[in-house]
Amino acid sequence: MTTPLVNATKDEGVMVLELRNPPANTYSYDMMRELDAHILDARMDDSVHVLLLTGAGEKFFCAGADIAMLEKANPYFKYNFCLHANETLCRLEQTPKLVIAAINGHCVGGGLEIALACDLRIARANAGKIGLPEVTLGVLPGTGGTQRLARAVGRAKAIELMAEAATFPVEEARALGLVNTVVDVPAAEFRGRALEYARKFVPPAKAARAVGFIKRAVTTGLEVGLEQGLALERELQQRLFEGQDAKEGLAAYNARRTPEFSGK
């Protein structure tokens, strides 16, 4: 039986997707096809509220594309490999469920491009290096890196980091806004802490459908004009108003109101 390149498990409303290709969890076309299939499964599974992406082992989240594979491939394959990887990460980005990257080790090149397609990033303190050093190979970050890094840190800083092939620790990534949370725990405990973090967004702790719609409104709204973004926001809000979460939330809010707060 073939060992999966993406190991998928479910844990209390969280689907954990573990990239597994030792020693550095580099991705291939086969890995991306598996990741793509799991993303679609998570979309269609109403018991899944959050996706958590991480790497196998303790040293690497993902070191990017499999360079040995690319070296042997012809330009036609390379183009379509990059196209499919882009489509997979766009599908991840557009899935109306929160996606968290749990950066357990080095996260460079295409590994950071995967993490940038996630909504939130949690990292282990001193986990390793982060960056997009593709220019050292004579290429650019071709799985969304040039676009998503610029949206995350701004045009000038993104060009600087990529042109200099900079790699930096997760603590510096936190200061740049590339990482939301840094957790100072032993490597063996990080997966558990990342799951705890992910469960904060699973019902009943959070209205997961509202979180997913917030994601959709922000992700799509940043790519269109203000008027179109506001129109999308209204449509998503209306869908929430028609759902049970909003009805229960508004009723609970009204029940909590004190006479002083309500002005009565």
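Before reading on, note that the structure itself is shown above.
Numbering of residues begins from 1 in every chain and follows the order in which that chain's sequence is written. A pLDDT threshold of at least 70 governs which residues receive local features in this predicted model, and a stricter bar of 80 or more applies before side-chain atom pairs are shown or counted, although totals over entire chains, interfaces and linings include all residues. Working from all heavy atoms in the structure, the side-chain values ignore hydrogens and water.

Asker: I tried to follow helix α10 (residues 226-241) on my own but got confused; where do I start?
Answerer: Owing to its 3.6 residues per turn, the α-helix brings residues three or four apart onto one side. In this text, helices come from DSSP runs of H or I with a minimum length of four residues, and strands from runs of E with a minimum of two, each type numbered from the N-terminal end. Expected span of a helix, by definition, is 1.5 Å for each gap between consecutive residues, and there is one gap fewer than residues. Between its first and last C-alpha, α10 extends 22 Å over 16 residues, near the 22 Å set by a 1.5 Å rise per residue. Three labels apply to residues, based on accessible area from a 1.4 Å probe with only protein chains included: buried if under 20% of the type maximum, exposed if over 50%, partly exposed otherwise in between. Where α10 is concerned, the buried positions are Gly229, Leu232, Leu236 and Leu240. Across the axial projection of α10, the buried residues extend over an arc of 80 degrees, all falling on one side. In α10, the exposed residues that point more than 90 degrees away from the buried face are Glu227, Arg234 and Glu235. An arc is given here, and it is the one of the directions from the helix axis to the C-beta atoms.

Asker: Whenever I open this one, the packing of aromatic side chains confuses me. Can you help?
Answerer: Centres within 6.5 Å are what make two rings of Phe, Tyr or Trp a pair, Trp counting through its six-membered ring; a difference in plane orientation under 30 degrees is then read as stacked, over 60 as edge-to-face, and the rest as tilted. Counted under the stated rule, the structure contains four aromatic pairs. Here tyrosine 197 and phenylalanine 201 contribute two aromatic rings whose centre-to-centre distance is 5.7 Å and whose plane-to-plane angle is 75 degrees, an arrangement assigned as edge-to-face. Each member of the pair, tyrosine 197 as well as phenylalanine 201, is classed as buried. An aromatic cluster is built from Tyr27, Tyr29, Phe77 and Phe81, whose rings are joined through pairwise contacts.

Asker: Please explain the layout of surface pockets as it appears in this structure.
Answerer: Computed over the protein atoms alone on a 1 Å grid, cavities are sets of points where a 1.4 Å probe fits but cannot get out and pockets are open sets with protein on both sides within 12 Å along at least five of seven lines; a residue lines them when it has an atom within 4 Å of a point. Grid points are joined across faces, edges and corners, and a volume is the space filled by probe spheres set on the points. As a volume, the largest pocket reaches approximately 700 Å³. Glu93, Leu116, Cys118, Thr219 and Leu222 are the residues nearest the centre of the largest pocket, which is lined by 25 residues in total. For the lining of the largest pocket, the secondary structure elements donating two or more residues are α3 (75-94), β7 (120-124), α5 (145-153) and α9 (208-221). Each residue belonging to the lining of the largest pocket can be placed in one class, and the counts come to 11 nonpolar, seven polar and seven charged. Elements supplying a minimum of two residues to the lining of the second largest pocket: α2 (67-72), α3 and α4 (110-116). Partitioned by chemical class, the residues of the lining of the second largest pocket number 12 nonpolar, six polar and three charged. Lys, Arg, Asp and Glu make up the charged group, whereas Ala, Val, Leu, Ile, Met, Phe, Trp, Tyr, Cys and Pro make up the nonpolar group; the residues left over, Gly among them, are polar.

By themselves, these observations are geometric and do not establish any function.
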